[in-house]
Amino acid sequence: MIIALDGPAAAGKGTLARRLAAHYGLNYLDTGSLYRAVGVALLQSGHDPENAAQAEAAARSLSPDQLTSPALRGEEAGQAASKVAAIPGVRAALLEFQRSFAATAPGAVLDGRDIGTVVCPQADAKIFVTASLEKRAERRFKELLDKGLSAIWEAVLQDMKERDARDSGRSVAPLVPAADAVVLDTSELDAEAAFAAAVSIISQRN
Ligand code: CDP
């Protein structure tokens, strides 16, 4: 079984994806970490994340140990990720890895922006997880503080707006729900309620 979870930043995809993977006994891939790792690789080597040739080279040479660095979680990494994610060559370089991860038994939950539309259009269930801008900024702010990272509320809100605009407005694999995705708005749902709602959506699909 393949479950595709897409949606904007801090909508609750990661927490939900991990719980669904454990519940159904599936592998889990946070595809955002791939784009974050490419973005951070560019920042660390002093390159501009909008430099297409450098970004594509970084995506092609990505290694698993780059995916677990704590540096991936900060807002700077998120911004760099959304810049490299708009470069077609970067997306193409990361596509095969994501598809073969999904195809590996026993199946997987993947979260991202284009899982249901591009990476796994044949997924057994597609959920577009969303929430209001304010709720998402609130969650991200709390998440950063809980991780001991510094955060300024206005900056987090502004970052969320910029990333929403860049992810939705880009010409390659923009953030849109797949035609056959079910929209799950988590603005008023806690993690438990979002999980229950997702299980109910998946059980109606299978
Ligand atoms: O955790 P958060 O929702 O803030 O972001 P993420 O899922 O880690 O993704 C970081 C950035 O990578 C996003 O803003 C997207 O621009 C990009 N991304 C993408 O284009 N396609 C994906 N499948 C996953 C992430």
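Here, every reference points to the structure presented above.
Let me sum up the structure you'll find in this document.

Quick notes on the rules
- Residues numbered from 1 in each chain as written.
- Predicted model: local features only at pLDDT ≥ 70, side-chain atom pairs only at ≥ 80, totals over all residues.
- Heavy atoms only, no water.
- Salt bridge = Lys/Arg side-chain N within 4 Å of Asp/Glu carboxyl O.
- Helix = DSSP H or I, 4+ residues; strand = E, 2+ residues; numbered from the N terminus.
- Buried < 20%, exposed > 50% of the residue type's maximum accessible area, 1.4 Å probe, protein only.
- Phe/Tyr/Trp six-rings, centres within 6.5 Å; stacked < 30°, edge-to-face > 60°.
- Pairing = 2+ DSSP bridges.
- Near = heavy atom within 4 Å.
- Polar contact = N/O pair within 3.5 Å; in protein donor to acceptor, adjacent residues only side chain to side chain.
- Areas by Shrake-Rupley, 256 points an atom, 1.4 Å probe, with all protein chains shown as cover.
- Expected span 1.5 Å × (residues − 1).
- Contact = heavy atoms within 4.5 Å.
- Axes fitted to C-alpha atoms, helices over the stretch in contact; angles between N-to-C directions.

**Things to note about the pattern of salt bridges**
Here is step 1 of the chain: As enumerated under the stated definition, the model contains 13 salt bridges in all.
Here is step 2 of the chain: A salt bridge links R19 to E192; the shortest N-O distance between them is 3.0 Å. In this pair, R19 sits in helix 1 (residues 13–24) while E192 sits in helix 9 (residues 191–205), placing the two residues 173 residues apart along the sequence.
Here is step 3 of the chain: The exposure class of E192 is partly exposed, given its relative accessible area of 45%.
Here is step 4 of the chain: Between D146 and K142 there is a salt bridge, with the nearest N and O atoms lying 3.1 Å from each other. Here the residue D146 and the residue K142 both occupy positions in helix 7 (residues 133–146), the gap between them amounting to four residues, near one helical turn.

**Section: the packing of aromatic side chains**
Here is step 1 of the chain: The tally for this structure, following the rule as stated, stands at two aromatic pairs.
Here is step 2 of the chain: Relative to F101, the ring of F97 lies with its centre 6.3 Å away and its plane at 50 degrees, an arrangement referred to as tilted. Of the two residues, F97 and F101 are both situated in helix 5 (residues 88–103); the distance of four residues between them amounts to about one turn of the helix.
Here is step 3 of the chain: Residue classification places F97 among the partly exposed positions, given a relative accessible area of 42%.
Here is step 4 of the chain: Plain terms: the ring middles of F141 and W153 are 5.8 Å apart, the flat faces sit at 80 degrees to each other, and that makes the pair edge-to-face. Highlighted residues: F141 in helix 7 and W153 in helix 8 (residues 153–169), separated in sequence by 12 residues.

**A short note on the pairing of strand 4 (residues 125–130)**
Here is step 1 of the chain: Of all six residues that make up strand 4, six are buried, and the element is covered over most of its length.
Here is step 2 of the chain: Relative to strand 4, strand 1 (residues 2–6) is paired through four bridges, and the arrangement is parallel. If you follow L5 over to strand 4, its bridge partner there is I127.

**Let's talk about the site of the ligand**
Here is step 1 of the chain: R36, R91, R140, R163 and D167 are the nearest of the 19 residues found near the ligand.
Here is step 2 of the chain: Interatomic distance of 2.9 Å between a side-chain N/O atom of T31 and a nitrogen atom of the ligand.
Here is step 3 of the chain: Within the side chain of R91, an N or O atom sits 2.7 Å from an oxygen atom of the ligand.
Here is step 4 of the chain: Considered on its own, the ligand offers 530 Å² of accessible surface; in the complex 97% of this is hidden by protein.

**Side note on the pairing of strand 1**
Here is step 1 of the chain: Taken across its five residues, strand 1 has five buried, putting it largely inside the fold.
Here is step 2 of the chain: Burial along strand 1 is two-sided: I2, A4 and D6 facing one way and I3 and L5 facing the other are all buried.
Here is step 3 of the chain: Bridging between strand 1 and strand 3 (residues 108–112) involves five bridges; their strand directions are parallel. Each bridged residue has a counterpart across the sheet, and for D6 the counterpart in strand 3 is G112.

**Looking at the environment of K161**
Here is step 1 of the chain: By the element assignment, K161 lies in helix 8.
Here is step 2 of the chain: Owing to a relative accessible area of 41%, K161 belongs among the partly exposed residues under this scheme.

**Notes on helix 2 (residues 32–44)**
Here is step 1 of the chain: Taking 1.5 Å as the rise per residue, helix 2 with 13 residues should run 18 Å; its terminal C-alpha atoms sit 18 Å apart, in good agreement.
Here is step 2 of the chain: Residues of helix 2 that are buried: S33, L34, Y35, R36, A37, V38, G39, V40 and L42.
Here is step 3 of the chain: For helix 2, the elements touching its buried residues are strand 2 (27–30), helix 3 (52–60), helix 4 (75–84), helix 5, helix 7 and helix 8.
Here is step 4 of the chain: Remark: G46 follows helix 2 within two positions and exhibits a positive phi of approximately 80 degrees.

**Some details on the sheet that holds strand 3**
In any sheet, the strands associate via hydrogen bonds between backbone groups, in a parallel or an antiparallel arrangement.
Here is step 1 of the chain: Overall, parallel pairing links the five strands, which are arranged 2-3-1-4-5 in an open sheet. Since the sheet does not close on itself, it has two edges, and those belong to strand 2 and strand 5 (182–185), each with one partner. For this sheet, the mean angle separating the axes of adjacent strands, direction not counted, is 20 degrees.
Here is step 2 of the chain: Against the sheet, helix 5 contacts strand 1, strand 2 and strand 3, and its axis sits at roughly 160 degrees relative to strand 2.

Spatial relationships are all this shows, so hold off on functional conclusions.
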